[in-house]
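Overview (structure and organization)
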Amino acid sequence: MNEPLSEWSERLVFGIDPIDAQHKQLFDLAATFEGSGDEIRMMKTLASLSNYVVEHLREEEALLELCGYPKLEAHRELHRRFRTMIVALLEDARQMTLDEIAERVHYLINGWFYDHIMGADLDYVPLVRAHLAAAGEPPAE
Ligand SMILES: [Fe+2]
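Here we summarise the structure given alongside this text. All values derive from a computational prediction rather than experimental measurement. (Residues numbered from 1 in each chain as written. Predicted model: local features only at pLDDT ≥ 70, side-chain atom pairs only at ≥ 80, totals over all residues. Heavy atoms only, no water.)

What follows covers the coordination of the iron ion. For the iron ion, the full set of protein donor atoms is Glu60 (OE), His75 (NE2), His79 (NE2), His116 (NE2) and Asp121 (OD), at a range of 2.0 to 2.3 Å. Each donor residue of the iron ion lies on one chain, and together they are spaced E-x14-H-x3-H-x36-H-x4-D. Note that Glu60 is positioned in helix α2 (residues 39-66) and His116 in helix α4 (residues 98-134), a separation of 56 residues in sequence. Considered together, Glu60 and His116 belong to a single accessibility category, that of buried residues. (Donors = N, O, S within 2.8 Å, 3.2 Å for Na, K, Ca; no water. Helix = DSSP H or I, 4+ residues; strand = E, 2+ residues; numbered from the N terminus. Buried < 20%, exposed > 50% of the residue type's maximum accessible area, 1.4 Å probe, protein only.)

Okay, structure coming up:
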């Protein structure tokens, strides 16, 4: 787990709504995880984070399918890996301290997911923006 951690920033804005909003929401959720606090509340937030990840990945895949993104299958595979890591965290969380859970959440969102957005996600931006523009939906700025 030595991936560098990064905060959400304007660099992550693609001009594609609602993808941008969902990406930001995941960073906002991750930012609420701290080592201190209420265990029950943290488990609930973890469940919300997990549900939100699943929902976001599903929506992103649907959009990529709609736009005919040629690397969709490879992208789906990356999402599958991410879901697997989230599910593993949900399972492990019961035996982990709040500090450990917070650390793993930050690794997943501020490390892995950040890199995913700046790498694999960035690749679909021109195609999706062109598709939305052609469909008459001005991309969000
Ligand atoms: Fe993605």
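The structure having been displayed, the exposition proceeds.
Let us now look at unusual backbone geometry. Geometrically, the link from Asp17 to Pro18 is a cis peptide bond, its omega value of 5° lying close to zero. Inspection of the secondary structure assignment puts Pro18 in the segment before α1 (19-31).

Attention now moves to α4. The terminal C-alpha atoms of α4 lie 47 Å apart, and with 37 residues this falls more than 12% below the ideal 54 Å at 1.5 Å per residue. Maximum bend of α4: about 50°, positioned at Asp121. Remark: Gly136 follows α4 within two positions and exhibits a positive phi of approximately 85°. (Expected span 1.5 Å × (residues − 1). Bend = angle between axes of the 7 residues up to and from the residue.)

Read these as geometric descriptors, not functional statements.
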